[in-house]
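# Chains, contacts and geometry: an overview
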Amino acid sequence: MAGVGADALHKPLGLLAELTHRCPLGCPYCSNPLALDAREDELDAATWDRIFREAAALGVLQVHLSGGEPGARRDLVDIAAAAHAAGLYTNLITSAVGISDKTLDALAAAGLDHVQISIQDADASSADRIAGYDGAFARKRALAAAVVRLGLPLTVNAVVHRANIERIGEIVDLALALGASRVEIAHVQYYGWALKNRALLMPTPEQVERAAALVDELRARHRGRIVIDAVVPDYYARYPKPCVGGWGRRSLNVTPAGRVLPCHAAESIAGLEFWSVREHSLVDIWTSSPAFNAFRGTDFLPEPCRSCERREIDFGGCRCQAFALTGDARATDPVCQLSPHHGLVEELAAVQEDRSYSYRRM
């Protein structure tokens, strides 16, 4: 698909700003790539300022300051202030390790709108083991209290897998105790480090079934107190999710080194050409980048997607997952029960191993 004018495309609504790949935690399901960007390759604050202004002009409404751990950036407050000055709703996605009370106060004064803290488990020892960092759980509780004290909205994000899926109820209770207005029960997505650890993280079918029923019960029990976001894990779904709302359709991701991706895992697809903000404007990348135009729309889809009534709903599913499982990024996402490769997903979901995680490290 050739580049087209911006007026013929959907406008992006969200920008994931990966400020750094440095992180004190070693979560075995981290969505960062296996090949992490080095500190010396990170964009400076002035470049992020330009990116935010270009993003706002393109139509972006919100920016997620992420990583790695954004608190590893000494200029984080300046970067957050630039996002606020650009008129973007600014969300900090943090492990809580590396964000001091002083830094949080400065971020709030700079215009930070929202904080999302990751929680590995409701049990402290299990949480620290999953994170690969002793004392992480206590740091998360402390920062959550500081966020609430400042009156900032708080979301708790809990990545769910075989080691913690039986404690979803306790995780929701913890989110309520921390003062969160939203909790995300985010089942592991098997890209990057999670793909490397898939057999160690994969829940059993019985665990998934119990978890789905419990989430329904918790939503009813806590309606009006907290929003509970949850979806069926990919490998147990009947149909694939419309990944990032459709490729090159609603969101974009800027890596620490400046490459611009349609989704956080897009670099796992071999052969795509990713343009950088060091050489191109954000609008040029959105409209004309080969990577963004590679899988826009539905014209590239094979059967059974091409004639499926869901093709404009899920766009054939996740391109990264299709590539990871079949070697063909244009294939129907094997998660779909109609995919000719669906049997592979069923086989992989049945593989569970018990050994040490391969922790995410620089």
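Anything mentioned here points back to the structure above.
Predicted model only: the values in this text are computed from it and were never measured.

## Let's talk about the pairing of strand β1 (residues 14–18)
Here is the key point about a regular strand: its side chains alternate between the two faces of the sheet. Counting buried positions over the five residues of β1 gives four, a clear majority of the element. In this sheet, strand β2 (residues 62–66) lies alongside β1 in parallel orientation, the contact comprising five bridges. Note on β2: the bridge partner recorded for Leu 16 is His 64. After leaving β1, the chain enters helix α1 (residues 45–58) and then returns to the sheet as β2, a path that is right-handed. Bridge analysis of β1 against strand β8 (residues 251–254) gives four bridges, and the strand direction is parallel. Counted as the bridge partner of Leu 16 is Asn 253 from β8.

## A word on the nonpolar core
Among the nonpolar cores identified, the biggest contains 65 residues, and Leu 15, Trp 48, Phe 52, Leu 65, Ile 168 and Val 183 are the most heavily contacted of them. Ranked by the residues each element gives to this core, the list is headed by helix α6 (residues 168–178), at six residues. Phe 52 has contacts with Leu 15, Ala 17, Val 63, Leu 65, Ile 79, Ala 82, Ala 83, Ala 86 and Leu 88, leaving out every residue within four places of it along the chain. If you look at the next biggest cluster of nonpolar residues, it comprises 20 residues, including Leu 25, Val 188, Tyr 190 and Leu 325.

## Describing the pattern of salt bridges
Per the counting criterion, the structure on display carries 16 salt bridges. The salt bridge involving Arg 73 is made with Glu 42; its shortest N-O contact spans 3.6 Å. Linking Arg 73 in the loop between β2 and α2 (76–85) with Glu 42 in the loop between β1 and α1, this pair joins segments that are 31 residues apart in sequence. Relative accessible area serves as the criterion here: at 7%, Arg 73 is assigned to the buried category.

## Quick look at the side chain of Thr 90
Tracing the chain through its elements places Thr 90 in strand β3 (residues 89–94). The class for Thr 90 is buried, based on a relative accessible area of 0%. Among the polar contacts listed, one links the side chain of Thr 90 to the backbone oxygen of Leu 88, at a separation of 3.0 Å.

## Some remarks on the state of the cysteines
Applying the stated criterion across every chain yields a total of zero disulfides. Free cysteine Cys 243: the closest other cysteine sulfur is in Cys 318, separated by 3.8 Å. Sulfur of Cys 263: no disulfide; nearest cysteine sulfur belongs to Cys 320 and is 3.5 Å away.

## Focus: the environment of Arg 139
Its location among the elements puts Arg 139 in helix α5 (residues 136–149). Here Arg 139 falls in the partly exposed class, since its relative accessible area comes to 39%. Residues within four places of Arg 139 in sequence aside, it is in contact with Ala 96, Val 97, Gly 98 and Tyr 133.

## Observations regarding the packing of aromatic side chains
Inspection of the entire model under this criterion finds six aromatic pairs. Judged by centre distance (5.1 Å) and plane angle (85°), the rings of Trp 247 and Phe 295 are edge-to-face. Of this pair, Trp 247 sits in the loop between β7 (227–230) and β8 while Phe 295 sits in the loop between α11 (290–294) and α12 (311–314), placing them 48 residues apart in sequence. Given the relative accessible area of 9%, Trp 247 is considered buried. Its relative accessible area of 4% is what places Phe 295 among the buried residues. Among the aromatic side chains, those forming a connected cluster through ring pairs are Trp 247, Phe 295 and Phe 300. Above the ring of Trp 286, the side-chain terminus of Arg 296 is found at 4.9 Å from the ring centroid. Across from the ring centre of Tyr 239, 4.2 Å away, lies the NZ or CZ of Arg 310, which sits over that ring.

Calculation criteria
Residues numbered from 1 in each chain as written. Predicted model: local features only at pLDDT ≥ 70, side-chain atom pairs only at ≥ 80, totals over all residues. Heavy atoms only, no water. Buried < 20%, exposed > 50% of the residue type's maximum accessible area, 1.4 Å probe, protein only. Helix = DSSP H or I, 4+ residues; strand = E, 2+ residues; numbered from the N terminus. Pairing = 2+ DSSP bridges. Right-handed = clockwise from strand over helix to strand, strands pointing away. Core = buried A, V, L, I, M, F, W, Y, C linked by side-chain atoms within 4.5 Å. Contact = heavy atoms within 4.5 Å. Salt bridge = Lys/Arg side-chain N within 4 Å of Asp/Glu carboxyl O. Polar contact = N/O pair within 3.5 Å; in protein donor to acceptor, adjacent residues only side chain to side chain. Disulfide = S-S within 2.5 Å. Phe/Tyr/Trp six-rings, centres within 6.5 Å; stacked < 30°, edge-to-face > 60°. Lys NZ or Arg CZ within 6 Å of the ring centre and 35° of its normal.

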